[in-house]
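Each chain is listed here by its residues.
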Amino acid sequence: MRLAHLTDLHFGAEVPEVVAALRDDLAGRDLDHVLVSGDLTMRARAGQFRAARELLESIGHPWTSVPGNHDLPLFRVLTRAFRPLSAYRKGVGRRAEPELGSGGLQVLGLSSPKRYLSRNGRIDAAQVARIGTAFTGPAGLRVLMLHHPVFRPAQRPGQPLVRGAEQALRAAARAGVDVILCGHDHVQAQADLALTWPGLGRHMIAVASGTACSRRTRAGESQSYTLLELTGDTLSVHVRHWNDGRFETLSETTWQRGADGWLPARAACRS
Ligand SMILES: [Fe+2]
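Residues numbered from 1 in each chain as written. Predicted model: local features only at pLDDT ≥ 70, side-chain atom pairs only at ≥ 80, totals over all residues. Heavy atoms only, no water.

Going by what an unreviewed UniProt entry lists, the protein chain is known as 3',5'-cyclic-nucleotide phosphodiesterase and is assigned to Actinoplanes friuliensis DSM 7358.

See the structure below:
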């Protein structure tokens, strides 16, 4: 099973050269699914959603997304108050909280931006309950996807986590989730959530990717996205960065599945 994780495309602040390279890099790959964890746009404008959708359709693989805080209108206050996800649903043409089950892959996407939070996100009690019921039956890989982070990348200390993270992660651990995909910080990072949240009782892999194709890079990192390849009980995670006019793999981590979840088996970085 081969997946790509993209996040924070931020159309409206995209870099055309990076968009074109991202499309080429993804279209040429054998992928089962592309998972997009929000901030497809800068300001939830129809044209920005159209451009994001055009990119995702042109890659030529099935794709699934959730909204980020930038995908809710900021200045159209009535729309934000009463129909916060209307622009996203219309622009993307899909549900804001997708469930997917195909070919051994199970995905639950949750909408973490809220109309009453300007930048931060929250997973509420109803969403925690959905984590508990969405993952049923046998699966090769169970993936939970949301925009806001459930762990703190070292490059962005002091930034808040999604509210309700602990309850969400406890539900995810009970549901046997393998991987949690998120974005928002615009840097790439991975974590064993059992180390950052003691008492979870399950080693789940958290993956954050950087901004895929926008000029909103952070902490000196270039644009990036992540490839995940599952072979039996081994998950290889390749982080591909924009570097010198193209995307290339600059770090690889191999995780091994055991009785209590996933442990890193090997990590390598290229500089
Ligand atoms: Fe973002």
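K.L.:
Looking at this structure, how should I read helix α6 (residues 165–174)?
P.N.:
Counting along an α-helix, one turn takes 3.6 residues, and residues three or four places apart therefore face a common direction. Every buried residue of α6 is listed here: Ala165, Ala168, Leu169, Ala171, Ala172 and Ala173. Close packing links the buried residues of α6 with α5 (125–134), β6 (141–145), β7 (179–182) and α7 (193–196). Directly after α6, the chain includes Gly176, whose backbone phi takes a positive value near 75 degrees. (Buried < 20%, exposed > 50% of the residue type's maximum accessible area, 1.4 Å probe, protein only. Helix = DSSP H or I, 4+ residues; strand = E, 2+ residues; numbered from the N terminus. Contact = heavy atoms within 4.5 Å.)

K.L.:
Can you help me understand the environment of Thr196 in this one?
P.N.:
Along the chain, the position of Thr196 falls in helix α7. C-alpha of Thr196 to C-alpha of Val150: the two residues are 46 residues apart in sequence and 9.4 Å apart in space.

K.L.:
Would you mind showing me how to read the coordination of the iron ion here?
P.N.:
Ideal values for angles at a metal depend on the geometry: 109.5 degrees with four tetrahedral donors, 90 or 180 degrees with six octahedral donors. Coordination of the iron ion by the protein comes from Asp8 (OD), His10 (NE2), Asp39 (OD) and His186 (NE2), over a distance range of 2.0 to 2.3 Å. For the iron ion, the four donor atoms in the first shell make angles of 84 to 177 degrees at the metal, so the coordination geometry reads as irregular. Each donor residue of the iron ion belongs to the same chain, and together they define the spacing D-x1-H-x28-D-x146-H. Of the two residues, Asp8 is situated in the loop between β1 (2–6) and α1 (16–27) and His186 in the loop between β7 and β8 (189–192); the sequence distance between them amounts to 178 residues. Looking at Asp8, the relative accessible area reads 0%, which means it is buried. (Donors = N, O, S within 2.8 Å, 3.2 Å for Na, K, Ca; no water. Tetrahedral: all angles 85-135°; square planar, octahedral: opposite > 155°, others 65-115°.)

K.L.:
Help me understand a nonpolar patch on the surface in this model?
P.N.:
On the surface, Val77, Leu78 and Phe82 cluster together into a nonpolar patch covering about 380 Å² of accessible area. Structurally, the position occupied by Leu78 is in helix α3 (residues 77–82). On the basis of relative accessible area, Leu78 is assigned to the exposed category, the value being 61%. (Patch = residues over 30% accessible without salt bridge, like charges linked within 9 Å, V, L, I, M, F, W, Y side chains within 5 Å. Areas by Shrake-Rupley, 256 points an atom, 1.4 Å probe, with all protein chains shown as cover. Salt bridge = Lys/Arg side-chain N within 4 Å of Asp/Glu carboxyl O.)

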